[in-house]
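# Fold and contact review
Take a look at the letters that make up each chain.
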Amino acid sequence: MGSRRSKLLEDVKQHLCTCAEGLKLTPEMEAFLEMPMRELYVSLPVHMDDGSIKVFRGFRVQYNEALGPTKGGVRFHPEDTIETTRALAALMTWKCALHKLPLGGAKGGVICNPKELSHREIERLSRAYIRGIYQIIGPDRDIPAPDVYTNPQVMAWMMDEYSKLAGKNVFGAITGKPTILGGSAGRYDATARGGLYTVREAAKKLGINLKTARVAVHGFGNVGYHAAYLAKKMFGCKVVAVSDSKGAIFSADGLDPEDVSGHKHSTGSVLNYPGAKTLTNEELLELDVEILIPASLENVITKENAGKVKARILAEMANGPTTIEGEAILNSKGVHIIPDILCNGGGVIVSYFEMVQNYSGMQWGEEEIRSRLERKMKEAYHSVYNFASKNNVTMRQAAYTLAVGRVVEAMQLRGWI
Ligand code: NAD
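About the cut-offs
Residues numbered from 1 in each chain as written. Predicted model: local features only at pLDDT ≥ 70, side-chain atom pairs only at ≥ 80, totals over all residues. Heavy atoms only, no water. UniProt positions renumbered as here; feature names shortened; annotations may be inferred. Helix = DSSP H or I, 4+ residues; strand = E, 2+ residues; numbered from the N terminus. Buried < 20%, exposed > 50% of the residue type's maximum accessible area, 1.4 Å probe, protein only. Contact = heavy atoms within 4.5 Å. Polar contact = N/O pair within 3.5 Å; in protein donor to acceptor, adjacent residues only side chain to side chain. Pairing = 2+ DSSP bridges. Axes fitted to C-alpha atoms, helices over the stretch in contact; angles between N-to-C directions. Core = buried A, V, L, I, M, F, W, Y, C linked by side-chain atoms within 4.5 Å. Domains from an automatic or database assignment. Near = heavy atom within 4 Å. Areas by Shrake-Rupley, 256 points an atom, 1.4 Å probe, with all protein chains shown as cover.

The chain is annotated in an unreviewed UniProt entry as Glutamate dehydrogenase of Methanosarcina thermophila. Annotation of the chain in UniProt includes, under Sequence similarities (unreviewed entry), the sentence "Belongs to the Glu/Leu/Phe/Val dehydrogenases family." UniProt annotates the chain under Subunit (unreviewed entry) with the comment "Homohexamer."

Attention now goes to the UniProt feature "binding site: substrate" (unreviewed entry) in the chain. Sites flagged by UniProt as "binding site: substrate" (unreviewed entry) map to Lys-71, Lys-95 and Ser-351. A compact arrangement is adopted by the annotated residues: their sequence extent is 281 residues, whereas the largest C-alpha distance between any two is 12.8 Å. Mapping Lys-95 onto the fold places it in helix H3 (residues 82-98). Checked against the element boundaries, Ser-351 lands in helix H12 (residues 346-360). By relative accessible area, Ser-351 is classed as buried at 1%. When neighbours within four sequence positions are excluded, Ser-351 is seen to be in contact with Lys-71, Ala-145, Thr-175, Gly-176 and Arg-187. Side chain to side chain, Ser-351 and Thr-175 meet in a polar contact 2.9 Å long.

What follows concerns the sheet that holds strand S4 (residues 104-111). The five strands lie next to each other as S1-S2-S4-S3-S5, forming an open sheet whose pairing is mixed. Across the chains shown, the open sheet's two edge strands, defined by having one partner strand only, are strand S1 (38-47) and strand S5 (142-146). This sheet shows a mean twist of 25° between the axes of neighbouring strands, independent of strand direction. Here strand S3 (residues 70-77) runs beside S4; their pairing, made up of six bridges, is parallel. Residue pairing across strands places Arg-75 opposite Gly-109, the latter belonging to S4. Contacts between helix H4 (residues 119-133) and the sheet are confined to S1, strand S2 (53-64), S3, S4 and S5, with S1 contributing the most and set at about 140° to the helix.

Right, let's talk about the nonpolar core for a bit. A general trend in soluble globular proteins is that nonpolar side chains are found buried together. Ranked by size, the top nonpolar core spans 74 residues in total, and within it Leu-33, Trp-94, Val-242, Ile-293, Met-317, Ile-338 and Val-404 carry the most contacts. Per-element tally for this core: the top contributor is helix H14 (residues 395-413), with 11 residues. Two domains share this core, each providing at least three of its residues, namely domain 1 (36-173) and domain 2 (190-343). Beyond its immediate sequence surroundings of up to four residues, Met-317 is in contact with Thr-191, Ala-192, Gly-195, Leu-196, Val-223, Ala-227, Ile-293, Pro-294, Ala-295, Cys-343 and Asn-344.

By nearness alone, 22 residues border the ligand, and Asp-147, Thr-191, Asn-222, Val-223 and Asn-319 come closest of all. Between the ligand and Thr-191, the relevant distance is 2.7 Å, taken from an oxygen atom to a side-chain nitrogen or oxygen of the residue. Separating a nitrogen atom of the ligand from a side-chain N or O atom of Asn-281 is a distance of 3.4 Å. Burial of the ligand by the protein chains amounts to 87% of its free accessible area of 830 Å².

The structure is reproduced here in structure tokens:
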């Protein structure tokens, strides 16, 4: 798994190299951009419910802060590594730049299996993590948010711990909080909703009728569930398959995502959903659908399976779901890829709206958040699409070139390089 995880870092660096020539990056700029500005490793002793003490390892990576305070989620995962965290922090940097947010990129992680921890153990771990990284975070420095296996409750504990250490309420230190604690309306489905706004624009370009489109979603967590639910609700798509870490389910007539979610909550998995056929996660990726949404982890579409992907649109709601080799195959087949830094930017966009509301003491309604989000996602999609068409490059190359170009401009204006 270690090498599988460092693959994401290699690929992210490779994407940077690909746009370096077009941007006329000097070797010094490239050297600076291919590594994070700052990394912190923490050891976290946590009192377990049985009275023992367990030491967890964690990281915080602040990749680049040229455009503003860094921002990025915290992942709780048994296979988390510094390389993955570094790669995800780089992706956050390019994502914030692409979406024109006044923020840099960061990421955090703790190596743990939350499925084996109690509620109270997760609370103690979350608080320990914040104590560990307290010195380098804060509303003007670096603002954590949720990612895989962390949620609004975890963000509430993290914000509370930060506030205790600061001796005052600092709601703006963490985003993705519950709304009663300064969280933003519309944050819960922002990543999926934002991604679907780009899918709608892509479908118009490709002449795909979303009302009859079939959708498969790999990973039925926060992002994947909302993507499935909203694809059906907003566009009338037929969601034919969804999956989680245990396997996939399929129904040619379409699934009811809300009902599947209820089933997953009561049984622990999407598997054995009444009336649906069981598939493997691999089989889901190869289904005859118009839209494939990877919403689980990285390196899911590779040179081994890309040739079998039948979708016309690949909406990368997960970070780094497609390897470079997998992407080359998809490109040769004419699959329209909406790259991760474009497609899943809705999460950090609404996190940024949350920061703005926390700074100003204002509370925006869900409609206002949605229309602001839609405007930003559409603008970013069309700027990437137009750049790609004009310069005859892929959507990912276009997205990276626009994003890295902005970070470089900020570094130059600040006199860094
Ligand atoms: P989550 O923990 O809520 O969900 C992850 C889902 O993936 C779970 O359903 C899990 O069962 C499934 N999964 C794990 N391993 C799998 C495997 N091997 N095969 C199939 N499914 C598997 O996490 P999330 O917040 O929904 O994040 C999903 C992805 O979206 C990640 O790549 C994350 O970095 C990215 N992302 C999340 C946000 C956000 O706002 N949460 C924003 C941008 C990007």
